[in-house]
Each structure stands twice: as C-alpha cells, then as structure tokens.
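Given next are the chains, with one letter for each unit.
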Amino acid sequence: MNNQEPPFYPVVILLTTLAVLATAAGGSIYSLAAAGGVSLYKYLFQVLLLIVLVGLKLAAPKLPWFQCALAVSVVFVIHVVAEHVQPLILIAEKVIEVVCVAGFGVFWVKKGYIPKESNRWH
C-alpha cells in the first residue's frame, strides 16, 4: 500500500510570488522610465501569467500542464470580468479563492496531484 502524499513544494509558491512581484515592479519602473519608448505593459501580463503557470507546475509536479493552464486562465478571466463590472471587483478575490480552493483544489486532492494539507484558505 502506497499512502505517500504527492509532492508539493510551498517554497516554490513563495518564490513564484516574489518573481511575479519583482517582474511587475521592474516592468513598471522600466515603462515609466522609458516615457514614450517601447512599453512593456503590452507584454507584462503575459509574462506574469507564464511565471505563475511555471511556478504552479513546479510547486506541484504531478499536476498536468493543461490543468495548470486552465486554473491560471480561469483566474485571469475572473479578474478581467471583475475589472469591467464594478460591483464584482469588491468580491473578486473571494470568488477566486473559492474557485481555486473549492474547485480546482478539491479536484486535485481527489486525483492525488496535491496533498490535502496544501488545499486550504489562509
């Protein structure tokens, strides 16, 4: 019997968050300093999504790439819709938490991609 928990590396989530913050800050500073030059803003969001996608996959190696991309895409769509529908911006963060923890997280725990302890609200 193999009761071994699937691999999950919370440190990678921390490093991914730091990479997103550093990339966003660096891109913003560069774009402000360029003043009229090539704006990185048109590429910055795609780069941030790629960093999050790779970070998610590295944090939970058993997750299929397609499901990682689907989770990142769903969060992106919720964020975009919330930006355009003003009242939703107030609850977008909680909606994203519910989708990630109660949706993707529960599914991934059942499939054995992530350990149960890693799927919780903080």
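Structure shown above.
Please read all numbers here as calculations on a predicted model, not as lab measurements.

(A) Examining the layout of surface pockets more closely. In this structure, the largest pocket spans a volume of roughly 1400 Å³. Lining of the largest pocket is provided by 33 residues; of these, Ile-13, Val-52, Leu-56, Ile-96 and Cys-100 occupy positions nearest its centre. Secondary-structure elements contributing two or more residues to the lining of the largest pocket are helix 1 (10–34), helix 2 (41–59), helix 3 (65–84) and helix 4 (92–111). It is helix 4 that contributes the most residues to the lining of the largest pocket, eight residues altogether. Per-class residue counts for the lining of the largest pocket are 22 nonpolar, eight polar and three charged.

(B) Here's a closer look at the nonpolar core. Within the largest apolar cluster, 11 residues are counted, these being Leu-53, Leu-56, Ala-60, Leu-63, Cys-68, Ala-71, Val-72, Phe-104, Trp-108, Tyr-113 and Ile-114. Those elements that provide at least two residues to this core are helix 2, helix 3 and helix 4. Here this core takes three residues from helix 3, the largest share from any one element. Apart from residues lying up to four places away in sequence, Leu-56 is in contact with Leu-63, Cys-68, Val-72 and Trp-108.

(C) Main features of a nonpolar patch on the surface. Taken together, Phe-45, Phe-76, Val-77, Val-81, Val-85, Leu-88, Ile-89, Leu-90, Ile-91 and Val-95 make up a surface patch of nonpolar side chains, about 810 Å² in accessible area. Considering each element in turn, the nonpolar patch owes the most residues, three residues, to helix 3. Considering the arrangement of structural elements, one finds Phe-45 in helix 2. You can call Phe-45 partly exposed: its relative accessible area is 34%.

(D) Main features of the pattern of salt bridges. In the structure shown here, the tally under the stated rule is one salt bridge. A salt bridge links Lys-94 to Glu-97, with the shortest nitrogen-to-oxygen separation between them at 3.5 Å. A residue pair is termed a helical-turn pair when its members lie 3 or 4 positions apart in one helix, as Lys-94 and Glu-97 do in helix 4 at three residues.

(E) Up close: the side chain of Lys-57. Within the secondary structure, Lys-57 is located in helix 2. A distance of 2.9 Å separates a polar side-chain atom of Lys-57 from the backbone oxygen of Pro-61. Here Leu-63 takes part through its backbone oxygen, which lies 2.3 Å from a polar atom of the side chain of Lys-57. Excluding residues within four positions of it along the chain, Lys-57 makes contact with Lys-62, Leu-63, Pro-64, Trp-65 and Cys-68.

Basis of the calculations
- Residues numbered from 1 in each chain as written.
- Predicted model: local features only at pLDDT ≥ 70, side-chain atom pairs only at ≥ 80, totals over all residues.
- Heavy atoms only, no water.
- 1 Å grid on protein atoms, 1.4 Å probe; cavity = no way out; pocket = protein on both sides within 12 Å on 5 of 7 lines; lining within 4 Å.
- Points joined across faces, edges and corners; volume = space filled by probe spheres on them.
- Helix = DSSP H or I, 4+ residues; strand = E, 2+ residues; numbered from the N terminus.
- Nonpolar A, V, L, I, M, F, W, Y, C, P; charged D, E, K, R; others polar.
- Core = buried A, V, L, I, M, F, W, Y, C linked by side-chain atoms within 4.5 Å.
- Buried < 20%, exposed > 50% of the residue type's maximum accessible area, 1.4 Å probe, protein only.
- Contact = heavy atoms within 4.5 Å.
- Patch = residues over 30% accessible without salt bridge, like charges linked within 9 Å, V, L, I, M, F, W, Y side chains within 5 Å.
- Areas by Shrake-Rupley, 256 points an atom, 1.4 Å probe, with all protein chains shown as cover.
- Salt bridge = Lys/Arg side-chain N within 4 Å of Asp/Glu carboxyl O.
- Polar contact = N/O pair within 3.5 Å; in protein donor to acceptor, adjacent residues only side chain to side chain.

Purely geometric stuff here, so don't read any function into it on its own.
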